[in-house]
2 protein chains.
Amino acid sequence: MDYLEQLQKRYSVKKFDGEKKVQQEILERIMEAGKLSASSLGLQPYEIIVVASDEMREKLIPAFYNPSQITTCSHLMVITAKNGIGDEYINNYFSHISDTRQIPLDNLELFRKSIDSHMNRLSPESLMSWAEKQGYIVLGNLMFAAALENVDTCPMEGFRQEVIDEILNLDPKKEKTCVTLALGYRSAEDHFQNLKKVRKPNDKLFKFM
Amino acid sequence: MDYLEQLQKRYSVKKFDGEKKVQQEILERIMEAGKLSASSLGLQPYEIIVVASDEMREKLIPAFYNPSQITTCSHLMVITAKNGIGDEYINNYFSHISDTRQIPLDNLELFRKSIDSHMNRLSPESLMSWAEKQGYIVLGNLMFAAALENVDTCPMEGFRQEVIDEILNLDPKKEKTCVTLALGYRSAEDHFQNLKKVRKPNDKLFKFM
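Residues numbered from 1 in each chain as written. Chains lettered and ligands numbered in written order. Predicted model: local features only at pLDDT ≥ 70, side-chain atom pairs only at ≥ 80, totals over all residues.

A. Representation of the sheet that holds strand β1 (residues 46-51) of chain A within the structure. Strand order in the open sheet formed by five strands is β3(A)-β4(A)-β2(A)-β1(A)-β5(B), and the pairing between neighbours is mixed. At either end of the open sheet lies a strand with only one pairing partner, and these are β3 (152-156) of chain A together with β5 (206-208) of chain B. The average undirected angle you get between the axes of adjacent strands in this sheet is 25°. As defined by bridge partners, β1 of chain A adjoins β5 of chain B across three bridges and the pair is classed as parallel. Bridge assignment links Ile49 of chain A to a residue of β5 of chain B, and that residue is Lys207 of chain B. (Pairing = 2+ DSSP bridges. Helix = DSSP H or I, 4+ residues; strand = E, 2+ residues; numbered from the N terminus. Axes fitted to C-alpha atoms, helices over the stretch in contact; angles between N-to-C directions.)

Encoded structure:
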């Protein structure tokens, strides 16, 4: 498999073929790629909500400025970002490391202290921005994996965040919608698939030093 | 190639084998994956600085809180985020679309207006946050492609941004360092490679709706 060829074929789909659903097995592999994303300090300050039911997808339509992808996609993923990382969250994280790696909690004390001091240094706004950025690594991984699976995607930022949060019943004290990704198969009617990909030329994008 | 297996093998390397360099051809494929990253409105509000010279890499060491990766990596990539997207940038973008797709500029007027109005709605802080998030999609793509190429990576946020900006001679009015990525090959001495990967269990990371 030539991954660059797959990335070259990828584009942000404007209209999906509403009849074609992504199979559960393929969806789960893409989700696994999202799960394996790197995150700062390993904290994974996000969740991934997979909207699979037509009912929920339809409820979400009014929250998007451009509903064309939502009305036609097979699945919608909503990446939410944690609004603050409290002691309980960090405690759970360390118990989980300790269990997974069979390391006593005491041996993780130094790492724990470095995380605590890092988290305490950040303002609530910086913390949210940090969490959102980690969510975008997940977004990147999901799109990349989907491209390798020949599943089409469209990442979307054009939504009313509070509206999605309310429909998905998110607790605003704990989390908020960070970014969304529609998945499915491109419609033959989506003429954007025939357009040449536009990317900055190398000399504008890269600098060697 | 099983991409999930490759992602499973990936971890954030603490110490690289300083003797092993990433070949130029492989590096260029990874860069190409970065170039093919999706970005909001296609604007690619970032640049990728590839630090290949030992001299420049050494200059950057003091800017990092943990120098272990910088002192041993083969290449360092610095993703910078644009500090504002001015008319000139957008003009260039539209000329480039027009050239690449052979579409007269007039036909792109609607798209242009939607970008202008979107950019005008954002505060300088929101614009920077938006640009940085796009940079994190690039980070995700670079790490994913590197994993497929059996190249090891470590994404790093622990740096003094102003110090890097100054060493790289960035114009603070135009851009700033967003995030960095060390590339190379793991050292046999890096015992982190033997630890089990820790990820939230599925029921904490995913929700189906």
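B. Structural detail: the relation of the copies chain B and chain A. The two copies are related by a screw operation: chain B maps onto chain A through 180° of rotation and 0.0 Å of translation along the axis, at an RMSD of 0.0 Å. Expressed as an axis order, the relation between the two copies is that of a two-fold axis. Residue by residue, 100% of the interface of chain B is reproduced at the interface of chain A, so both copies engage with the same surface. (Least-squares fit on C-alpha atoms with pLDDT ≥ 70 in both. Contact = placed C-beta atoms within 7 Å.)

C. Structural view of helix α5 (residues 87-101) of chain A. Spanning 15 residues, α5 of chain A covers 21 Å between terminal C-alpha atoms, matching the ideal 21 Å at 1.5 Å per step. A positive backbone phi angle near 55° is found at Gln102 of chain A, which sits one or two residues after α5 of chain A. (Expected span 1.5 Å × (residues − 1).)

D. Structural detail: unusual backbone geometry. Within the chain, Gln44 of chain A stands out as a residue other than glycine whose phi angle is a positive 40°. Inspection of the secondary structure puts Gln44 of chain A in the loop between α2 (24-35) and β1. Residue Gln102 of chain B is not a glycine yet carries a positive backbone phi of 55°. Residue position: Gln102 of chain B is located in the loop between α5 (87-101) and α6 (109-121).

Any functional reading would require information beyond the geometric quantities listed.
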